[in-house]
Each structure stands twice: as structure tokens, then as C-alpha cells.
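Observations on the model geometry
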Amino acid sequence: MKKKPLIAGNWKMYKTASEAVTLVQTLKAAVHPVMNVEIVICPPFIALSEVSKVLTDTPIELGAQNMYSAPEGAFTGEISPMMLKDVRCRFVILGHSERRQYFKEDNILIHEKVKTALKYSLVPIVCVGETLEEREGKAHFDVVKTQLDECLGNLEKDDIAKVVIAYEPVWAIGTGKTATPDQAEQMHSYIRRLLNERFGKELGVKVPILYGGSVKPDNARSLMEKPNIDGALVGGASLKAETFAQIVREARMAYESGVNA
Ligand code: PGA
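For the structure given in this document, a descriptive report is provided here. (Residues numbered from 1 in each chain as written. Predicted model: local features only at pLDDT ≥ 70, side-chain atom pairs only at ≥ 80, totals over all residues. Heavy atoms only, no water.)

1. With respect to the site of the ligand
Test applied: If a single non-hydrogen atom of a residue is within 4 Å of a molecule or strand, that residue counts as near it. Note on areas: these come from Shrake-Rupley sampling with a 1.4 Å probe, and a residue is covered only by the protein chains present in the view. Charged means Asp, Glu, Lys or Arg here, nonpolar means Ala, Val, Leu, Ile, Met, Phe, Trp, Tyr, Cys or Pro, and polar covers whatever is left, Gly included.
In the vicinity of the ligand, 13 residues are found, and the nearest of them are K12, H96, E168, G174 and S214. Taken by itself the ligand offers 280 Å² of open surface, and the protein chains cover 96% of this. The residue makeup of the shell around the ligand, split by class, is four nonpolar, seven polar and two charged.

See the structure below:
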């Protein structure tokens, strides 16, 4: 059975706190009423507190784009899970390819962050995905398997039920080149198989696997109709309220047509 889709907006390093408030107010109106879809907004850290106030009493959830693996301490410039909880974040994106590429985050650090997130009851959105070179070298399945194995590390069965995976092929991020629904589904069903093997089918099927990489209103539905694509992590297209709202509607239509089929 199809899961209720989860659509997460990753605003990256865009929008000042005041611009973020304006965007989230417009967005709140544009996606109303929220039905048959779960929405998460991930603004920059400095906007979380103000955006959180706008989202009070709405079903839209708040997420952060990163956090550090320690609960507190002398880590200049870092943000802790307790700080995120304090502004009512429920989700945190971990291991985004931009963190891996520009800030040299590796699977070991990402695993530490995943454990910390779970300890503080934050839902980690764990990102995996291959580069173009890796895909062309036919190494994409192996790369994603290693990322998944190492980022999840020794998680217990109880923990996996609280994790979201995002498959984001690096060559599709911000490039306008989306994986075709078939290409994406091929990787999603592979990830599903790995999760089932490792944690048992009952738990494996429950883990939401999001697709990310140039998701737009015109490709969202065909991606989301695939059996193992449970939602999207949306970058560029989440910065315009109407475009994001349209993706949310497409996801809802894909879900409703699947349920009623
Ligand atoms: P994009 O980014 O939608 O702009 O390709 C996706 C992401 O980086 O999460």
C-alpha cells in the first residue's frame, strides 16, 4: 500500500529571516488545506525560530538542514539537536550531498549525527546518492549501498522506524536533470530491498524513501506514482510558494489515485 507522501522543502542558503517569514506565510495559504500529504519546511538555521512561530497550529512541520553530532559543547559555529528541539524542529536533513562535497562530511560523521538525532527524538532525513561519474562507471548501486550501510551503521530495529531516507543523485541536484521515474524507482526498490534484508520486511516497508533532484510540478506526479517513491526532497522549487504548493498537490493526486485504484 502506498504511504502518505512526505514533501520536504530544503531552502538551502536562501532567504533571510524576514524573507523566510514572508515565504512561509504565503506557502501556508497556498497549501491549505493540507490533506493526504505530510509537509516539512527546512529553512536556514537563523530563520527557524520565526518560521516556527508562523507554523504554530498548522500541520506543516519544521526541519533543519544540518546539525552537529554532539548535544552541546565547545564547537564554534555548530548547532545542536537541543537547539533544534527548542524551536520545535521535528526533522533534520543529514548527509546532504552539498555537506559531503563542500564541507567534507563523511559517512562516519553522518552516522554519528543520525544517532544523535534519534537520541533527541529528531527524525533524520538521511541523504544518499551517486555522482555522475559513479553512475557512468556503473558503481551507483555499490555507492548507495555503502552510504546506506555506513550512515545507518549499527542502528537497532526500533530506530529504523524513525528514519527517513532521501535518494538524491548528485547529477540531478540543481541541474534541471531529473532521474526518470524508472531510474529513480530502480534505485528506490534497491534501497527498499537493502532495508528489508537488514531490518526485516515488516520494518523495511515502513521507511519513507524520498526522491530529490530537480523535482518540479511537471515531474512530481510521475515520480510519486512509483511504488517505492514515498515523497520528495525539493530544493530550488521549494523557494516559490505556488510551485511548492503545486508539487504538494501532485503528490496528493498520485497518492489518492493509488489508494483508489
Ligand atoms: P533541487 O535540490 O530540487 O534544487 O535539485 C534538491 C536538494 O538538494 O535537496
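2. Looking at the sheet that holds strand β2 (residues 38–42)
Backbone-to-backbone hydrogen bonds pair the strands of a sheet. The strands run either parallel or antiparallel. Let me state the cut-off plainly: For two strands to be treated as a pair, DSSP must find no fewer than two bridges joining them. Strands are runs of DSSP state E lasting at least two residues, helices are runs of H or I lasting at least four, and both sets are numbered from the N terminus onward. For helices, the axis comes from a line fit to the C-alpha atoms of the stretch in contact; other axes are also lines fit to C-alpha atoms, and the angle between any two N-to-C directions lies between 0 and 180 degrees.
Here eight strands make up a closed barrel; going around it, the order is β1-β2-β3-β4-β5-β6-β7-β8 and the pairing parallel. In this sheet, adjacent strand axes meet at a mean angle of 25 degrees when their direction is disregarded. As paired elements, strand β6 (residues 164–167) and strand β7 (residues 209–212) share three bridges and run parallel to each other. In the strand pairing of β7, Y167 is matched with Y211.

3. Details of unusual backbone geometry
Worth spelling out the cut-off: Here's how the labels work: a residue is buried when its accessible area is under 20% of the maximum for its type, exposed when over 50%, partly exposed in between, all with a 1.4 Å probe on protein chains only.
Note that the residue after H32, namely P33, is joined by a cis bond; omega there is -5 degrees. As for its position among the elements, P33 is in the loop between α1 (17–30) and β2. Of note in this structure, N36 is not a glycine but carries a positive phi near 55 degrees. Relative to the assigned elements, N36 resides in the loop between α1 and β2. The class of N36 is partly exposed, set by a relative accessible area of 32%.

4. So, the pattern of salt bridges
What counts here: Each reported salt bridge corresponds to a side-chain nitrogen of Lys or Arg within 4 Å of a carboxyl oxygen of Asp or Glu.
Under the counting rule described, the total for this entry stands at 15 salt bridges. The partner of D149 in a salt bridge is K145, and the shortest N-O contact between them spans 2.9 Å. Pair noted here: D149 and K145 are both in helix α7 (residues 140–152), with a separation of four residues, about one helical turn. For D149, a relative accessible area of 33% gives the class partly exposed.

5. A short note on the packing of aromatic side chains
What counts here: Ring pairs are drawn from Phe, Tyr and Trp, using the six-membered ring of Trp, whenever the two centres fall within 6.5 Å, and their geometry is named by plane angle: stacked under 30 degrees, edge-to-face over 60, tilted for the rest. Look at NZ for Lys and CZ for Arg. If either is within 6 Å of the ring centre and within 35 degrees of the ring normal, a charge sits over the ring.
What the rule picks out here adds up to three aromatic pairs. Seen in terms of ring centroids, Y68 and F75 are 4.8 Å apart; in terms of plane orientation they differ by 45 degrees. Their pairing is tilted. Owing to a relative accessible area of 36%, F75 belongs among the partly exposed residues under this scheme. Ring centres of F141 and Y190 lie 5.0 Å apart, and the angle between their planes is 70 degrees; on these two criteria the pair is classed as edge-to-face. Of this pair, F141 sits in helix α7 while Y190 sits in helix α9 (residues 181–199), and the two are 49 residues apart along the sequence. Among the residues examined, F141 registers a relative accessible area of 26% and is labelled partly exposed. If you follow R99 out to its NZ or CZ, it ends over the ring of F103, 4.1 Å from the centre.

6. Notes on the state of the cysteines
Disulfide: a covalent bond formed between the sulfur atoms of two cysteine residues. Quick reminder of the rule: The disulfide definition used here is simple: a pair of cysteine sulfur atoms within 2.5 Å.
For the coordinates displayed, the defined rule picks out zero disulfides. The structure places no disulfide on C89, whose sulfur is separated from the nearest cysteine sulfur, that of C42, by 7.7 Å. Unpaired in this structure, C127 has its nearest cysteine sulfur neighbour in C151, at a distance of 9.3 Å. We classify C127 as buried; its relative accessible area is 2%.

7. Points about the pairing of strand β8 (residues 231–234)
Our working definition: The handedness rule is simple: strands pointing away from the viewer, and a clockwise path from the first strand over the helix to the second, make the crossover right-handed.
Judged by which residues are buried, β8 turns out to be covered on both faces: G231 and L233 on one side and A232 and V234 on the other are all buried. Sheet topology places strand β1 (residues 6–10) next to β8; four bridges connect them, and they run parallel. The residue bridging I7 from the neighbouring strand is A232, located in β8. Between the parallel elements β7 and β8, the chain passes through helix α11 (residues 217–224) in a crossover that is right-handed.

8. Remarks on the nonpolar core
Let me state the cut-off plainly: We call a set of buried residues a nonpolar core when its members are Ala, Val, Leu, Ile, Met, Phe, Trp, Tyr or Cys and they connect through side-chain atoms within 4.5 Å of each other. Any two residues whose heavy atoms approach within 4.5 Å are treated as being in contact.
Ranked by size, the top nonpolar core spans 72 residues in total, and within it I7, L152, I165, I191 and Y211 carry the most contacts. Not counting the four nearest positions on each side in its chain, Y211 is found in contact with Y167, P169, A172, T178, A179, A184, H188, L223, I229, G231, A232 and L233.

9. Side note on the packing of α1 against helix α2 (residues 45–55)
When two helices pack together, their arrangement is given by the angle between the helix axes and the distance between those axes. What counts is decided by this rule: Roughly parallel means an angle under 35 degrees; roughly antiparallel means over 145; roughly perpendicular covers 65 to 115; every other angle is labelled oblique. It is the rotation of the near helix from the far one that decides the hand of a crossing: anticlockwise by less than a right angle makes it left-handed, clockwise makes it right-handed.
Relative to each other, α1 and α2 sit at 30 degrees, their axes nearing to 9 Å. Relative to α2, the element α1 lies roughly parallel. In the packing of α1 onto α2, the handedness of the crossing is right-handed. Note on element contacts: α2 touches α1 through I46, A47, E50, V51, V54 and L55, opposite A17, A20, V21, V24, Q25 and K28. Looking at the contact of α1 with α2, its residues break down into nine nonpolar, one polar and two charged.

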